Amino acid sequence: MKTFEHIHKIDPSDASAWTGKAWCHRIVGEVEKADQYYAMAVEKSPKSIWLYSNWADFRYRTMQDTLGTIRIYEKARENLPESAELYLSTANTYAYQDNIDSTLLFAQKAYDM
């Protein structure tokens, strides 16, 4: 944790420091703080699909929040150009919800790219 806090003090815009802090809080069970730090990472670097994916994975696996996960990918689609990675990540989220139609739709969009 101290390493990420040190990086954060040097460069508060470094999204990896926010993600690192989120991961540390996730590990010790501080769910609300972890969620806030994942959100800050996305805010600092809104063009990274991996930051959205990390946050969405946290929301689904730790909080069992499939709707929140879907909202994260909706936000990603607003901020990112179309890409196979974005569509596959979105398809995966719908698969978690057992929403086969949407899963297949986004998987097909990824394939078509």
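Residues numbered from 1 in each chain as written. Predicted model: local features only at pLDDT ≥ 70, side-chain atom pairs only at ≥ 80, totals over all residues. Heavy atoms only, no water.

Some details on unusual backbone geometry
For Gln-64, which is not a glycine, the phi torsion comes out positive at approximately 50 degrees. Topologically, Gln-64 is positioned in the loop between helix 4 (49-63) and helix 5 (66-79). Positive phi, close to 60 degrees, is recorded for Asp-98, a residue that is not glycine. With respect to the secondary-structure elements, Asp-98 resides in the loop between helix 6 (84-96) and helix 7 (100-112). Asp-98 sits in the exposed class, given a relative accessible area of 65%. (Helix = DSSP H or I, 4+ residues; strand = E, 2+ residues; numbered from the N terminus. Buried < 20%, exposed > 50% of the residue type's maximum accessible area, 1.4 Å probe, protein only.)

What to know about the confidence of the model for the protein
It should be kept in mind that the predicted coordinates are not to be read in detail where pLDDT is low. Taken residue by residue, the protein gives an average pLDDT of 88. The fraction at 70 or more is 94%. Mean pLDDT in the protein bottoms out at helix 1 (residues 2-10), which sits at 66, and peaks at helix 3 (residues 31-44), which reaches 96. (pLDDT = per-residue confidence, 0-100.)

Section: helix 4
For helix 4, spanning 15 residues, the distance from its first C-alpha to its last is 20 Å, which sits close to the expected 21 Å at 1.5 Å a residue. Inspection of helix 4 places Ile-49, Leu-51, Tyr-52, Ser-53, Trp-55, Ala-56, Phe-58 and Arg-59 among the buried residues, and these make up the whole buried set. Residues of helix 4 that are buried sit in contact with helix 2 (15-27), helix 3, helix 5 and helix 6. A positive phi of about 50 degrees marks Gln-64, the residue just after helix 4. (Expected span 1.5 Å × (residues − 1). Contact = heavy atoms within 4.5 Å.)

Looking at a nonpolar patch on the surface
A cluster of nonpolar residues, Trp-23, Ile-27 and Val-28, forms a patch on the protein surface that exposes about 340 Å² of accessible area. For Trp-23, the location among the structural elements is in helix 2. (Patch = residues over 30% accessible without salt bridge, like charges linked within 9 Å, V, L, I, M, F, W, Y side chains within 5 Å. Areas by Shrake-Rupley, 256 points an atom, 1.4 Å probe, with all protein chains shown as cover. Salt bridge = Lys/Arg side-chain N within 4 Å of Asp/Glu carboxyl O.)

Looking at the packing of aromatic side chains
Across all of its chains, the model carries 4 aromatic pairs by this definition. An angle of 45 degrees between the planes, with centres 5.5 Å apart, marks the rings of Trp-18 and Tyr-37 as tilted. Highlighted residues: Trp-18 in helix 2 and Tyr-37 in helix 3, separated in sequence by 19 residues. For Trp-18, a relative accessible area of 8% puts it in the buried group. (Phe/Tyr/Trp six-rings, centres within 6.5 Å; stacked < 30°, edge-to-face > 60°.)

Concerning the pattern of salt bridges
For the structure shown, the criterion picks out 4 salt bridges. With a shortest N-O distance of 2.3 Å, Asp-57 and Arg-61 are connected by a salt bridge. Here Asp-57 pairs with Arg-61, and both are found in helix 4, just 4 residues apart, close to one helical turn. Look at Asp-57 and you get partly exposed, because its relative accessible area is 26%. With its nearest N and O atoms 2.9 Å apart, the salt bridge here joins Asp-65 to Arg-59. With a relative accessible area of 21%, Asp-65 lands in the partly exposed category.

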